[in-house]
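Chain by chain, the residues run as shown.
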Amino acid sequence: MAETAEQDGKPGWRRVLRALKHPKTAYMLLFGFAAGLPYALLLGTLYAWLSDAEVDLETMGVFSLIGLAYAFKFLWSPALDRVDIPGLRRLGKRKQWIVTAQILLGAILVILSTLDPLGALGVFSLLAGIGAFASATQDVVIDAWRVDVADDVATIDILSTVYQMGYRVAALVGGALALFLAERTDWPTVYLVMGGVMLLVGFAGLWAPDTDASAPDAEDADAMLAMRNEGELTPRVRGIALGAVGLLWGWALVTVGVFMVRSLGSDPEARPDSVEFISTMGPLIVVATVVLPSLIAAWLVKMQRSGQHLVRETRPAATTGERAMDHLYRALILPLTDFVGRLGWALIIVFALVLTYRITDAIWGSFAYPFYLGELQYTKDEVAVASKFFGVGALILGLALGGYLLTAIGRMLTLTLGAFLAAATNLLYADLALGGQTMEAVSNATGFTWLVTQTGGDARLAKLMMAIAGENIAVGIAGAAFVAYLSSIVSKGFSAVQYALLSSLTLLVGTLGRGALGKMIEVQGYYDVFILTTAIGMFAVFLCIVEWVRIARLGAKSGVVVPDRGIAAA
C-alpha cells in the first residue's frame, strides 16, 4: 500500500474508507451473504422445520450428514479451477460458477418450499444434499474469487473482513429472522422468501467484476500448456505422481460418497455409524488427501530442483492421452507442488497453525446450547437474545475491529492478537461455570447490568451477555485475521484448490474433536473443558509467533519493509 503511518495520521481508517467505496468490496459483502444464507438454512434452520413436521430424530441425524459436503469440498475443487461451464465462460472464470451455484440454490430453496418434509422425505433429503453440494461449491469459488480480484485498494484483508460480515448477517437472516417469520407465517413461506433472495443475489452477481472474461477458457489454456517443456519433470515421473495422488483422492471421494449414499438410505438398520466414520475414517482421509500428497509434491519439487528426471527438449504432447495427463497434472498436482515449493518446510508450521487456530471455536460451538440451557439453566428466549441478536452484533463489531487492525497494525500482529483473545475468552465461560462472579462484577462496574435491566433483562442475563460479547468480539478479530492470512498464502493461479484444502482442514479437526470433548464434559464438567480449550488456544498463539518470525525473516531477505503485508498471494 502506498500510504504509511508517517504519511497519514489515520492510515487505517483512510484505507478502510477508500476500500469500502470500491465495487469489489460491495460484491464481496453480497457474496459473503450468499455463502452464509444456504449454510444457515440447510444445516441449522432446516431442523426446526423438520421438528415441526414431526420427523424423527434419527432421520434428522442423517440430514446432518449433508454437512460433510463442506468438510470435503476440496475433493472436487481442482475441477473448479480447470473446468468451464459450457456457454458461461464469458461471465468470468469464477463468476460462471458463483452465479450458477446461487441460481441453483435459489431454485432448490423454492422447490423445498413446495414439499412436505414428512410425506416427500426422499425428494426432500435429495434436494437438501444437492443444495449442500452447491453451497460448498459456491464457497470454494467465492474464496478463490476473493484472492483473484484483490488489489491495492480492495485489499485481501478488507475483502476477507467484509466477506465474513456478509456471512454473519446471513446467519442472522437465515437463523433468527427465519424463525421469527416461521412463527408468524409458515415454513414453506420462509423458504420461498429465502429462495427468492438467493435468486436475486445470483442475478445481481452477473455484474460483479471477475478475472478477465476475455482470457482463454480452460480448454484453450490447457492446449497452450500441453507442452513437455525443457526443465520440467519427465512424463513418466509426472504420471507416477498423478497416479498416486489420483488414487488417494479418488479413494477419499468414493469413501465419502458411499458413506453418504448408505446414510441417506431408507433402511435405518443399514445406515453406518456417523460418529464412528468421522472418528476412524476422518483422519485417514486427511492423511490420504493432504499428508501423503504433500509428501509426493515435496518429492517432485526436490527432484526438479536437483535436476533429476527432467525433460531435455521442449516438445508438444503427442497424443490425446498425453494431453489428458498434462491437464490432470496441472489441475491436481501443480497446486500442491506450488504450495510445497513456495513454503518448503514451513508448510508444517502452516498446517499446524491451520489445525489449531480455530479448533476451540469449532469444538465448543456444538456444546454452547447445552451449556447455556442445561448447565446454566437460562431460558430459550434469554439465549436467543444473548446469543443470536446481541451476540451477532458483538461478532460483527469484532469483525469491523479486526478489519481495522489489519490495516493499522498488520496481518500477523492481528492474527496473533486474535488467537490470544479467542483463547483467553474461554476463561469468561470458565467463570460462568463457577457461578459467574467475575462476569457479574465487570457487568455491574461498567454499567452494563443497568442497561440490560432497563431493556427488560436482569443481572443474571447481563453476565451471560457480557461473556458472549467478550468472546464474540475476540472471535470476530480472530476470524477476520485468519481468513486474511489464509487468503494471503495461496497462489492466485491455484486459489480454489489451495484455499479449499486449508479451510477444510479447519472444519475436519473441529469435527474430530467433538466426541472427545463431549466425553470430557460428562466426566469432568465444563470448567475443566474451558481451561483445556484455553491451553489449546495458547498453542495456536505460539504457532502464530513462529509463523510471524518466519514471514518477517522472509520479508527481510527480500527487502520487504512490512513483511506480513508484502507476502500477498502472487
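Residues numbered from 1 in each chain as written. Predicted model: local features only at pLDDT ≥ 70, side-chain atom pairs only at ≥ 80, totals over all residues. Heavy atoms only, no water.

Looking only at helices and strands, the chain has 25 helices and two strands in total. Buried positions account for 52% of the 570 residues belonging to the chain. Of the contacts formed within the chain by residues at least 6 apart in sequence, a portion of 82% connects residues at least 24 apart. By element, 67% of the accessible surface of the chain is carried by carbon and sulfur atoms, the whole surface being about 24500 Å². (Helix = DSSP H or I, 4+ residues; strand = E, 2+ residues; numbered from the N terminus. Buried < 20%, exposed > 50% of the residue type's maximum accessible area, 1.4 Å probe, protein only. Contact = heavy atoms within 4.5 Å. Areas by Shrake-Rupley, 256 points an atom, 1.4 Å probe, with all protein chains shown as cover.)

This part is about the nonpolar core. Leu300, Leu415, Tyr485 and Leu502 are the most contacted members of the largest nonpolar core, which totals 127 residues. With near-sequence residues (within four places) excluded, Leu300 lies in contact with Leu233, Val237, Ala241, Tyr329, Ile333 and Thr337. One finds Ala368, Phe448, Ala462 and Met520 within the second-largest nonpolar core, a separate group that totals 27 residues. (Core = buried A, V, L, I, M, F, W, Y, C linked by side-chain atoms within 4.5 Å.)

This part takes up the packing of helix H20 (residues 437-445) against helix H22 (residues 459-489). Helices that pack against each other are described as a pair by the angle of their axes relative to one another and the distance between those axes. Look at H20 against H22: their axes get within 8 Å of each other, and the N-to-C directions meet at 95°. Between H20 and H22, the angle falls in the class roughly perpendicular. Of H22, the residues touching H20 (which contributes Met439, Glu440, Val442 and Ser443) are Ala462, Lys463, Met466 and Ala467. Looking at the contact of H20 with H22 residue by residue, the classes come out as five nonpolar, one polar and two charged. (Axes fitted to C-alpha atoms, helices over the stretch in contact; angles between N-to-C directions. Parallel < 35°, antiparallel > 145°, perpendicular 65-115°, else oblique. Nonpolar A, V, L, I, M, F, W, Y, C, P; charged D, E, K, R; others polar.)

Enumeration according to the criterion identifies 22 aromatic pairs in this entry. A centroid spacing of 6.2 Å and a plane angle of 75° characterise the contact between Phe371 and Tyr429, whose relative ring orientation is edge-to-face. With Phe371 in helix H16 (residues 368-375) and Tyr429 in helix H19 (residues 426-433), this residue pair connects regions lying 58 residues apart in the sequence. In this structure, Phe371 and Tyr429 share a single accessibility class: buried. A ring pair is formed by Phe390 and Phe448, whose centres lie 5.7 Å apart and whose planes are at 45°; its orientation type is tilted. Of this pair, Phe390 sits in helix H17 (residues 380-408) while Phe448 sits in helix H21 (residues 448-454), and the two are 58 residues apart along the sequence. The class of Phe390 is partly exposed, set by a relative accessible area of 27%. Phe448 gets classed as buried once you look at its relative accessible area, which sits at 15%. An aromatic cluster is defined as three or more aromatic residues linked by ring pairs; in this entry it consists of Phe371, Tyr372, Tyr429, Tyr526 and Phe530. (Phe/Tyr/Trp six-rings, centres within 6.5 Å; stacked < 30°, edge-to-face > 60°.)

Structurally, the position occupied by Thr506 is in helix H23 (residues 495-524). Thr506 gets classed as buried once you look at its relative accessible area, which sits at 12%. A sequence separation of 147 residues divides Thr506 from Ile359, and the C-alpha atoms of the two residues are 7.0 Å apart. The contact partners of Thr506, leaving out residues within four places of it in the chain, are Val354, Arg358 and Phe482.

On to unusual backbone geometry. The phi dihedral of His309 falls on the positive side, at around 55°, and the residue is not glycine. One can find His309 in the loop between helix H12 (274-306) and strand E2 (315-316). Assessed through its relative accessible area of 41%, His309 is described here as partly exposed. Its identity is not glycine, yet Gln377 carries a phi of approximately 65°, on the positive side.

A separate point is the confidence of the model for the chain. In this model, the chain carries a mean pLDDT of 81, and residues with pLDDT of at least 70 account for 82%. Per-element confidence in the chain ranges from a low mean pLDDT of 42 for helix H25 (residues 563-566) to a high of 95 for helix H6 (residues 95-112). Note that pLDDT drops below 50 for residues 1-10; the model gives that stretch 11 contacts with residues more than four away or on any other chain. Predicted confidence for residues 213-226 stays below pLDDT 50, and this span has 24 contacts to residues more than four positions away or in other chains. (pLDDT = per-residue confidence, 0-100.)

Below, the discussion takes up the environment of Gly131. The topology assignment puts Gly131 in helix H7 (residues 121-149). Judged by relative accessible area, Gly131 falls into the buried class, the value being 0%. Each C-alpha atom of the pair Gly131 and Leu105 lies 5.8 Å from the other, and the pair is 26 residues apart in sequence. Gly131 has contacts with Leu42, Leu105 and Ile108, leaving out every residue within four places of it along the chain.

Running from N to C, helix H2 (residues 23-52) and H7 cross one another at 155°; their axes reach a closest spacing of 10 Å. As far as their axial angle goes, H7 and H2 are roughly antiparallel. The way H2 lies across H7 gives a crossing that is left-handed. Note on element contacts: H7 touches H2 through Phe124, Ala128, Gly131, Ala132, Ser135, Gln138, Asp139, Ile142, Trp145, Arg146 and Val149, opposite Lys24, Tyr27, Met28, Phe31, Ala34, Ala35, Pro38, Tyr39, Leu42, Leu46, Trp49 and Leu50. Residue composition of the contact of H2 with H7, grouped by class: 17 nonpolar, three polar and three charged. (Left-handed = near helix turned anticlockwise from the far one by under 90°.)

Turning next to the pattern of salt bridges. Per the stated rule, a full pass over the model turns up nine salt bridges. Taking the shortest distance from any N to any O, the salt bridge between Arg94 and Asp81 comes out at 2.8 Å. Taken together, the residues Arg94 in the loop between helix H5 (77-82) and H6 and Asp81 in helix H5 connect sequence positions 13 residues apart. For the pair formed by Arg94 and Asp81, the shared burial category is buried. Arg411 serves as the salt-bridge partner of Asp157, at 3.0 Å between the closest nitrogen and oxygen. Of this pair, Asp157 sits in helix H8 (residues 156-184) while Arg411 is found in helix H18 (residues 411-424), placing the two residues 254 residues apart along the sequence. Taking relative accessible area as the criterion, Arg411 reaches 3% and is therefore assigned buried. (Salt bridge = Lys/Arg side-chain N within 4 Å of Asp/Glu carboxyl O.)

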